[in-house]
Amino acid sequence: MQNKLIEIAKQFALEGEIVTIKPLGEGFINDTFVVTTEGDAPNYILQRKNHIVFPDVPGMMDNILAVTNHIKSKVADPMRETLTVVPAKDGKLYVKDGENFWAVCLFIADTSSYDRADSPELAYQGGVGIGRFQALLADFDKPLNETIKGFHNIRHRFNQWDATIAADPVGRVKELEEEIGWIESRREEMMKFWSLVEDGTIPTHVTHNDTKISNILFDRPTGKVLCAIDLDTVMSSTSLNDFGDAIRSYTNTGAEDDPNLDNVSMSIEMFRAYAEGYLSEQKSLCASELEWLAFSGRYITYEQVLRFLMDYIDGDKYYKTAYADHNLVRTRAQYKLLRSMEEQYADMCAIIKELSK
Ligand code: ADP
Ligand code: GN1
Ligand code: MG
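Keep in mind that this is a model prediction, so the values were computed, not measured.

(A) Up close: the overall build of the protein. When its secondary structure is counted, the protein shows 11 helices and 11 strands. Scaling as 2.2 N^0.38, a compact globule of 357 residues should have a C-alpha radius of gyration of about 21 Å, and the protein matches this with 20 Å. Along the first, second and third principal axes, the C-alpha atoms of the protein reach 55 × 50 × 40 Å. Taking all 357 residues of the protein together, the buried fraction comes to 54%. Sequence separation of at least 24 residues holds for 73% of the intrachain contacts in the protein that already meet a minimum separation of 6. Split by element, the accessible area of the protein, about 15,700 Å² in all, is 51% carbon and sulfur.

(B) Molecular detail of the coordination of the magnesium ion (ligand 3). Every protein donor of the magnesium ion (ligand 3) is listed here as Asn215 (OD1) and Asp230 (OD), and their distances to the metal cover 2.1 to 2.3 Å. You can see Asn215 sitting in the loop between β8 (205-207) and β9 (216-219) and its partner Asp230 sitting in the loop between β10 (225-228) and β11 (235-237), a full 15 residues away along the chain.

(C) How the structure looks around the site of ligand 2. Taken together, the neighbourhood of ligand 2 is formed by 17 residues, with Lys212, Glu256, Gln304, Arg307 and Tyr318 sitting nearest. Residue Asp230 places a side-chain N or O atom 3.1 Å away from an oxygen atom belonging to ligand 2. For ligand 2, an oxygen atom lies 2.5 Å from a polar atom in the side chain of Tyr318. Taken together, the residues that form the shell around ligand 2 break down as seven nonpolar, four polar and six charged. Summarising the domain contributions, the shell around ligand 2 has at least three residues from each of domain 1 (2-109) and domain 2 (120-355).

(D) Spatial organisation of helix α2 (residues 57-72). End to end, α2 covers 22 Å across 16 residues, agreeing with the expected 22 Å (1.5 Å per residue, within 8%). Within the sequence span of α2, burial applies to Val57, Gly59, Met60, Met61, Asn63, Ile64, Val67, Thr68, His70, Ile71 and Lys72. Of the surrounding secondary structure, the elements contacted by the buried residues of α2 are β3 (44-49), β4 (85-86), β6 (100-106) and α3 (120-136). Taking the backbone nitrogen of Gly59 as reference, a side-chain oxygen 2.9 Å away marks Asp56 as the first, capping residue of α2.

(E) Here's a closer look at the domain arrangement of the protein. In terms of domains, the protein is made up of domain 1 (2-109) and domain 2 (120-355). Put simply, the middle of domain 1 and the middle of domain 2, counted by C-alpha atoms, are 26 Å apart. Facing 26 residues of domain 1, the contacting portion of domain 2 comprises 27 residues. It is Phe28, Asn63 and Val67 in domain 1 that bury the most area against domain 2; as a group they hold 28% of the surface buried on that side. At the junction of domain 1 with domain 2, the criterion picks out four salt bridges. The partner of Lys49 in a salt bridge is Asp232, and the shortest N-O contact between them spans 2.8 Å. Our count for the domain 1 to domain 2 interface comes out at 13 residue pairs in polar contact (both at pLDDT 80 or more). For the side of domain 1 that touches domain 2, the element with the most residues is α2, which contributes 10 residues. Its residues placed into classes, the side of domain 1 that touches domain 2 shows 13 nonpolar, seven polar and six charged.

Procedures and definitions
Residues numbered from 1 in each chain as written. Chains lettered and ligands numbered in written order. Predicted model: local features only at pLDDT ≥ 70, side-chain atom pairs only at ≥ 80, totals over all residues. Heavy atoms only, no water. Helix = DSSP H or I, 4+ residues; strand = E, 2+ residues; numbered from the N terminus. Rg over C-alpha atoms; globule rule 2.2 N^0.38 Å. Buried < 20%, exposed > 50% of the residue type's maximum accessible area, 1.4 Å probe, protein only. Contact = heavy atoms within 4.5 Å. Areas by Shrake-Rupley, 256 points an atom, 1.4 Å probe, with all protein chains shown as cover. Donors = N, O, S within 2.8 Å, 3.2 Å for Na, K, Ca; no water. Near = heavy atom within 4 Å. Polar contact = N/O pair within 3.5 Å; in protein donor to acceptor, adjacent residues only side chain to side chain. Nonpolar A, V, L, I, M, F, W, Y, C, P; charged D, E, K, R; others polar. Domains from an automatic or database assignment. Expected span 1.5 Å × (residues − 1). Buried area = accessible area lost by both parts, 1.4 Å probe. Salt bridge = Lys/Arg side-chain N within 4 Å of Asp/Glu carboxyl O.

Spelled out as structure tokens, the structure:
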């Protein structure tokens, strides 16, 4: 494996001799490695991009290059405040090795990354990070490739869901009456929200679409947010999805896949902190976006319940899993979080109203 990785890495325009290549992080989709090099040369992130999940990796890399160049033209420290794509020696933004696609970016040193938010200050900084990301891209006007079709489009997800339930490829549907009921009982309210995006009441912009805390880097010396990474899903969508996915991540008092549901709930303190940070940078939300901002946490958490459960029904094809019923454990934990959001929804709305005055 190591020799294979070195052979791949050498096809990119790296400075310095490669010393080690080691796995990093716990992403559910790609395989990520850190490439260290000799002496003062920079280190790199080497990623095997999941071409089943992302059918057009070249189109995805074009998106990432365009968006990062746009951000670089606006920030004080362009090498640290966004990713830097490192092309292959042949000038392409990826290397294709058999079935697999690989890409490289600069490793940003002196940063911290987290799997969960352990303080309101961190949640505030995370909110600043995504608010700033959206603000920097507000005037980005080139078309972006749709890297995953209908990614946060619940109408599209329901089509996939209905087909998966009908196919029931590994015979799991019969054990899941209760869990399937969680999805079905909320179908209408989720469609109501998405219809507002479809009819333009809620506008679309360039968005990140995968804003969980592990996709943000924080500056180690200051603790301040540095940048959003994992830009594979940058596309046009509603800004609310970025807020909602972050709320799903930062406010959870337990783990995303917590087997102990007593650990899982939504922390309203973290909700306030994240929203404060986000709204301190994102100043251009319209009235309908503000009206639905708190709901977006419920929307994306619901979508995540659906996606984990759908993958379980489908025989665990999409997400990496660590044990047999991991996707079902994830489903139940995310559902507990959704229930907690539903119970505290009035408070969430009141906080957004107060902060957006
Ligand atoms: P995945 O798609 O598998 O989630 P990510 O792009 O999120 O992969 O990377 C996984 C982890 O690697 C991140 O959570 C972060 O800790 C670290 N990481 C990724 N890119 C960089 C980078 N350019 N500099 C420093 N650390 C990084
Ligand atoms: C995946 O790639 P990663 O681990 O950052 C997924 C997100 C899910 C998340 C759940 C492309 O994110 O949509 O919300 O897992 N990314 C993709 O943790 O499907
Ligand atoms: Mg990630």
